[in-house]
2 protein chains.
Amino acid sequence: MSIAVDLHRSLLRAAPVRAALPPLVVNVGVIGPGKVGTAFLHQLRHAAPRLLRECRLELRLRAVSDSRHMWLDCDDEALNGRMGGAQTWRPAALDEFAAYVAGPHGEAAVLADCTASDAVADHYAGWLTAGIHVVTPNKRAASGCLDRWHAIARASDASGARLHYEGTVGAGLPVVQTLRDLIDTGDELTAVEGMLSGTLAWLFNRFDGSIPFSQLVREAHDLGYTEPDPRDDLSGMDVARKLVILAREAGLPLSLDDVAVNSLVPAALAGLAREDFMEVLPAMDAPMAELLARAQAAGGVLRHVARLDRDGASVGVQVLERGHAFAHGQLTDNVVRFATRRYCDNALVVQGPGAGPEVTAAAVFTDLLRVAGAMGVKRCAC
Amino acid sequence: MSIAVDLHRSLLRAAPVRAALPPLVVNVGVIGPGKVGTAFLHQLRHAAPRLLRECRLELRLRAVSDSRHMWLDCDDEALNGRMGGAQTWRPAALDEFAAYVAGPHGEAAVLADCTASDAVADHYAGWLTAGIHVVTPNKRAASGCLDRWHAIARASDASGARLHYEGTVGAGLPVVQTLRDLIDTGDELTAVEGMLSGTLAWLFNRFDGSIPFSQLVREAHDLGYTEPDPRDDLSGMDVARKLVILAREAGLPLSLDDVAVNSLVPAALAGLAREDFMEVLPAMDAPMAELLARAQAAGGVLRHVARLDRDGASVGVQVLERGHAFAHGQLTDNVVRFATRRYCDNALVVQGPGAGPEVTAAAVFTDLLRVAGAMGVKRCAC
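Residues numbered from 1 in each chain as written. Chains lettered and ligands numbered in written order. Predicted model: local features only at pLDDT ≥ 70, side-chain atom pairs only at ≥ 80, totals over all residues. Heavy atoms only, no water.

### Here's the deal with the relation of the copies chain A and chain B
Convention followed: Residues below a pLDDT of 70 in either copy are left out; the C-alpha atoms of the rest, at least 70 in both, set the least-squares superposition of the copies. Contact between two residues is taken to exist if any of their heavy atoms lie within 4.5 Å; hydrogens are not considered.
When chain A is fitted onto chain B, the two copies agree to an RMSD of 0.1 Å after a turn of 180 degrees and an axial shift of 0.0 Å. Expressed as a symmetry operation, the mapping of one chain copy onto the other fits a two-fold axis. With an isologous cut-off of 70% or more, the 100% of interface residues of chain A that recur at the interface of chain B puts this contact in the isologous class.

Right, here's the structure in full:
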């Protein structure tokens, strides 16, 4: 018998044309129906019919929980963000909530943690061990203590359940997955450089000396661009968390303590109550004006930059040349530049709005679809 | 019995802690061991040990084929790009090749089409029907005739086998998947704007009037930035193909004929033999100089731009303001800007080197890992 005939037989054996499959059912639970959580519920409701029709993916919202309430068997009202319908008052018992989302029949289950809570992140390892997937823009687990992070990894390895966290860096921008793909295909990271805070990008895009820095901070605060306490942005700690997440993604077991963070908040103002800090904000103006004057004297601009390379990880204000790519940002744009062995002359750059409920929720949704994709749900145009 | 106890029982039922799984074996066949194919083989060889160790994914190179030879059961030499070892001369029978890659035991199989061939794309539907996945930077299927494209989609739907083609636009830049994620999470595309040709980006980044356009084309040709016949770049058809691919990804069934392509090649030079065209290249200088003068008079710059919006799809040279994001490109950078309902004030931008064997091969590799991911291979840092 010829080799050709053998091969033809193999082709026939390899051809199990499958009948149209029933939809994959994925139970979904949402923790933290704040701005991001509400946007996620809204997106879920609107995209679900198309996903069922075109991708044979049936997303079933089972329950929603905030820090004091749980809503089980949510109806359309709840999905609509109004949280009416079957409201059930119960103590905040998140493991019971998770079990309820998983359901009694062992369907696939995904919890969307839309909080910024360390206490919620403490549950991840247990949920993953129980086979429940977690998707989240919450930075606490991926940038928190390494012991917990490793326990989460072990739980995921053991059960096969996934933790995805694209929304932790750059919100909906494709940052974490892009780095993952570079590493997994054998590229080597030489440096990551970024403007990872929309708030700080906005402040330094505007800060040209014509308006005192404190006034810009107040304006950003009033526009809702800053955290309730602007020091949470100005300290640079939130950016440092994002840098830790990218470092770990690249295989470097960094902790927050390893990042050299140059806070914008003068030490004397760090300990004040929030209201008092807002009162004395103008105390920042003189040092900031001096920084700006030095930058302008050198023909450069001030930008808040995060950097990870062989010398370590750092976060703080830098003087950049006017021709630098970061000098041309707009509004609250984030920018991430990956320099790698392959992307050595020019970096791979991802840029765009890196904050806001809608785009952050979209990152959570993308992570949810990645979990579904790992269960075989098809998401191709062809 | 309390609800709490019920829920705890559910949690226990939902906790099937799996033992460490054996690796997933994926057979790989490579068609077209040219520059991209060779780079892909190289990347495969180097990344395979880590993927086996960390992701429990065993990638087995089964065979390599060019238009006249097939190498079956490739050894390390072949992987090394030298194609020594078990060389087997056979007629180019790609379906037999595919069956050989699939193997007799029904392992998962992926074919990497690293050609730019229409004839190879004609086989996709058959391979997908046979359950064999295809990954490719070949633009022919995704931008070619809609009948074939729909047949490919039906084959993929029926068998569950996937076609991925991230490398068709922007090489290794995350473009196709990013658009997919936007659409699948319910965002709506309002416009895509891009510089999708590294060659044309390089030419217009350099073209400031100090050097005649023809001389820059010759320089790009000598540097290997252009196709052997520079008209393949200058005509804009390659860019038009990329725009068609993005349009289809967004759900618009566009064909090449639907794109208004403004070729840079004067009609009188389009029909010449390649050598003759290279001789009369300076005939492009006067019209190009005039275009540039008009742009400069308007205070703008010339850029080769692809655009898709409600008014249709177009490709050609445009005058842009100096402040436009495309005015600050470097070298052969590609840029893609997605304007969507969510990304309305500022676009989501992906930028970086969008051509070259290494980064194109990395896109093929990323697609291969997506196929493996859909079979459950875990690729998380945690």
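### As for the interface of chain A and chain B
To keep things clear, this is the line we draw: When two parts are put together, the accessible area they lose, computed with a 1.4 Å probe and summed over both, is reported as buried area. By convention in these notes, a salt bridge is any Lys or Arg side-chain nitrogen within 4 Å of a carboxyl oxygen on Asp or Glu. Counted as a polar contact is a pair of N or O atoms within 3.5 Å, where, for protein atoms, one must be capable of donating a hydrogen and the other of accepting one, and residues adjacent in sequence contribute only when both atoms are in side chains. Put simply, DSSP marks the helices as runs of H or I at least four residues long and the strands as runs of E at least two long, and each gets a number from the N terminus on. Each residue gets one label: Ala, Val, Leu, Ile, Met, Phe, Trp, Tyr, Cys and Pro are nonpolar, Asp, Glu, Lys and Arg are charged, and the others, such as Gly, are polar. Should DSSP find at least two bridges between two strands, the strands are regarded as paired.
Listed per partner, the contact involves 86 residues of chain A and 87 residues of chain B. For the pair chain A and chain B, the summed buried area comes to about 6900 Å², and 56% of that belongs to carbon and sulfur atoms. At the junction of chain A and chain B, the tally comes to 10 salt bridges. Residues Glu358(A) and Arg342(B) are paired through a salt bridge, measuring 3.7 Å at the closest nitrogen-oxygen approach. Linking chain A with chain B are 18 residue pairs in polar contact (both at pLDDT 80 or more). With nine residues, helix H17 (residues 357-374) of chain A is the single largest residue contributor to the side of chain A that touches chain B. Class assignment for the residues of the side of chain A that touches chain B results in 42 nonpolar, 22 polar and 22 charged. Sheet analysis places strand E13 (residues 348-353) of chain A next to strand E13 (residues 348-353) of chain B, joined by three bridges and oriented antiparallel. Its bridge partner lying in E13(B), Val350(A) is registered against Val350(B).

### Points about the pattern of salt bridges
Under the criterion given, the structure shown has 44 salt bridges over all chains. One salt bridge in this structure joins Glu188(B) and Arg341(B), with 3.6 Å as the shortest N-O distance. With Glu188(B) in the loop between helix H9 (176-184) and strand E8 (189-195) and Arg341(B) in the loop between strand E12 (333-340) and E13, this residue pair connects regions lying 153 residues apart in the sequence. Close ionic contact of Glu219(B) with Arg206(B) constitutes a salt bridge, the shortest N to O distance being 3.2 Å. Placement of the pair is Glu219(B) in helix H11 (residues 213-222) and Arg206(B) in helix H10 (residues 198-206), with a sequence separation of 13 residues. Linked through salt bridges whose partners overlap, the residues forming this network are Arg50(A), Arg53(A), Glu54(A), Arg180(B), Asp184(B) and Glu249(B).

### Details of helix H10 (residues 198-206) of chain A
Residue and element names in this part refer to chain A. Spelled out, the test is: Note on exposure labels: buried denotes an accessible area under 20% of the residue type's maximum, exposed denotes more than 50%, and partly exposed covers the range between, all computed with a 1.4 Å probe on protein chains only.
H10 sits mainly inside the fold: seven of its nine residues count as buried. Within H10, burial applies to Gly 198, Thr 199, Leu 200, Ala 201, Trp 202, Leu 203 and Phe 204. The opening residue of H10, the one whose side-chain oxygen lies 3.3 Å from the backbone nitrogen of Thr 199, is Ser 197.

### Things to note about the pairing of strand E2 (residues 57-65) of chain B
Residues and elements named next belong to chain B. For the record, the criterion: If the strands point away from the viewer and the path from the first strand over the helix to the second runs clockwise, then the crossover is right-handed.
Taking burial as the measure, the nine residues of E2 include seven buried ones, the bulk of the element. Bridging between strand E1 (residues 24-31) and E2 involves eight bridges; their strand directions are parallel. In the strand pairing of E2, Val 25 is matched with Glu 58. Considered for its hand, the β-α-β crossover made up of E1, helix H2 (residues 35-55) and E2 is right-handed. Looking at chain direction, E2 and strand E3 (residues 70-72) are connected through three bridges and run antiparallel. Bridging across to E3, Ser 65 finds its partner in Met 70. Taking the residues between adjacent antiparallel strands as the criterion, E2 and E3 are bridged by four residues.

As far as function goes, none of this settles anything; it's purely spatial.
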